[in-house]
Amino acid sequence: MERKRIYLSSPTMHGDEQRMVQEAFDTNWISPLGPNVNGFEKEMADYVGCGYAAALSSGTAALHLATILAGVKEGDIVFAQSFTFSASVNPACYEKAIPVFIDSEKDTWNMDPEALKRAFEKYPHPAAVIAVHLYGTPAKIDEIRAICEKHQVPLIEDAAESLGSTFKGQMTGTFGDFGVYSFNGNKIITTSGGGMLVSENETAIARARFLSTQARDPEKYYQHSTIGYNYRMSNVVAGIGRGQLLHLEEHKAIKQKIYRQYEAAFADIPEIKMNPMNPDGDANNWLSCITIAPDCDVTPAKIMDALAEYNIESRFIWKPMHLQPVFANCDFIQVKEGISVSEDIFNRGLCLSSDIKNTAEDMELIISIIRRQFGR
Ligand SMILES: *Cc1c(COP(=O)(O)O)cnc(C)c1O
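> So what's going on with unusual backbone geometry? Residues and values would help.
Backbone geometry places A215, a non-glycine residue, at a positive phi of 50°. Turning to its location among the elements, A215 is positioned in the loop between α7 (202–212) and α8 (235–245). By relative accessible area, A215 is classed as buried at 0%. A positive phi angle, near 50°, is found at N285, a position not held by glycine. Here N285 lies in the loop between β11 (281–282) and β12 (288–292). Residue N285 is classed as buried on the basis of its relative accessible area of 4%.

> Pulling in residues and values, what's your account of the site of the ligand?
Near the ligand, the surroundings consist of 16 residues, among which T60, D158, E161, S182 and K187 are the closest. Within the side chain of T60, an N or O atom sits 2.5 Å from an oxygen atom of the ligand. S182 is positioned with one of its side-chain polar atoms (N or O) 2.7 Å from an oxygen atom of the ligand. Look at the ligand: alone it shows 380 Å² of surface, and the protein chains cover 93% of it. It is helix α3 (residues 59–69) that contributes the most residues to the shell around the ligand, three residues altogether. Residue composition of the shell around the ligand, by class: five nonpolar, eight polar and three charged.

> Describe the pattern of salt bridges, listing the residues and the values that go with them.
Opposite charge on two side chains allows them to pair when their charged atoms are near. Counted by the stated rule, this structure contains 17 salt bridges. Several salt bridges converge on common partners, so that one network encompasses E41, R209 and R232.

> Now, about the sheet that holds strand β15 (residues 349–352): what can you tell me, with residues and values included?
Reading across from one edge, β10-β12-β15-β13 is the order of the four strands in this open sheet, with antiparallel pairing throughout. Taken across any chain shown, the strands that pair with only one partner, and hence form the sheet edges, are β10 (272–274) and β13 (315–316). Two strands pair when backbone bridges link them, and β12 and β15 are joined in this way by four bridges, in the antiparallel orientation. Within β15, the position partnered with I290 by the bridge is L350. Each of β12, β13 and β15 touches helix α10 (residues 300–308); the most contacted strand, β15, lies at about 25° to it.

The rules behind each value
Residues take numbers from 1 onward in each chain, read along the sequence in its written order. Thresholds applied to this predicted model are a pLDDT of at least 70 for local features of residues and 80 or more for the giving and counting of side-chain atom pairs; totals over whole chains, interfaces and linings are not thresholded and use all residues. Side-chain numbers here rest on the full set of heavy atoms in the structure, without hydrogens or water. Runs of E in the DSSP output that reach at least two residues are strands. Runs of H or I that reach at least four are helices, and both are numbered from the N terminus. Buried, partly exposed and exposed residues are distinguished by accessible area as a fraction of the type maximum, computed with a 1.4 Å probe on protein chains only: under 20%, between the cut-offs, and over 50%, respectively. Nearness of a residue to a molecule or strand requires only that one of the residue's heavy atoms be within 4 Å of it. Under the rule applied, a polar contact is a pair of N or O atoms within 3.5 Å (in protein, one hydrogen donor and one hydrogen acceptor; residues adjacent in sequence only if both atoms are side-chain atoms). Exposure was quantified through the Shrake-Rupley algorithm and a 1.4 Å probe, taking into account, for residues, occlusion by the shown protein chains and nothing else. Three residue categories are used. Nonpolar comprises Ala, Val, Leu, Ile, Met, Phe, Trp, Tyr, Cys and Pro, charged comprises Asp, Glu, Lys and Arg, and polar comprises the others, including Gly. Here, a salt bridge means any Lys or Arg side-chain nitrogen found within 4 Å of an Asp or Glu carboxyl oxygen. A pair of strands is considered paired only if DSSP assigns at least 2 bridges between the two. It only takes one pair of heavy atoms within 4.5 Å for two residues to be counted as in contact. Axes here mean lines fitted to C-alpha atoms, for a helix over just the part in contact, with angles spanning 0 to 180 degrees between N-to-C directions.

Take it as geometry only, folks, not as evidence of what the structure does.
Next comes the structure, spelled out in structure tokens:
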């Protein structure tokens, strides 16, 4: 018999989701818009403490509309955190902008404010800055925001992985001109697929809703003066989101506990370090990650293979964008020349199973397999 699969981060449903989807069925609010969409937007805006929210079909769609609303146009330079998932950057490329990648700092693994300052010296007029809170750890977002404000450049905050994480008591995703969340299947809460764009700018969010529903002019017939998109979240999907949102704090507490369990379990192994926490923040610990000391013969690939033998999922750290073949021609700004911080973490890092449904036995098994690699 095959061993039970232990996932990296899989959906966890509670029943409230189905109840709200059922309501949508009972009232025949199946077709795109409806009370769940409006309700989910309001509840998300209230939860993160931001004025306005637009529910969309994915985090990528939200990033795309944020890019458009920030005014990014063909040929513009956009500064983007290199250490991220490609969806942070692809939307800028849909608009034919030119990404310039910014290295990370060691303290939070996110955009290095010093590297960002250097980027402004080289390219004084980027159209936008895209910062990320990777794995749920808040970036040094106040410093990043201050630099953007000084140069009067819009800040897009990719908080796809950090819903519920705070920096100095404020929710990540609410520091920038635009904030983006994702409800993809592996995120801390999920709608199977979906995203949310938030902003204090009411006009911009109204514009996002307009663009996301095919940009139809207010006429009786179908008239269009702008290119539109089919990016709106459906009322059925929004029902799942409303149900999940009721359990976000619970999910966060479990993810934090998983992180602390790994941290305690590897405390006596000097070769292993946990991914960093921001002392000014409270992370949702979406994924717990480790890095292995340089020149250690236990590689991330070796640990991944050992876990896979027990049907336990793990994943390599995001490969930085400046190392991606598709972005080979893009510039990369780091504080010191030589091997970059993000590349170093990529080489030595591994994401461990951080599934909300992991049992105490699952955690013990994962931990014991990893400890064994180090002869413990
Ligand atoms: C998941 C993710 C996205 C994309 O969100 P989707 O909802 O899958 O489109 C964007 N950026 C980061 C950092 C992500 O992890």
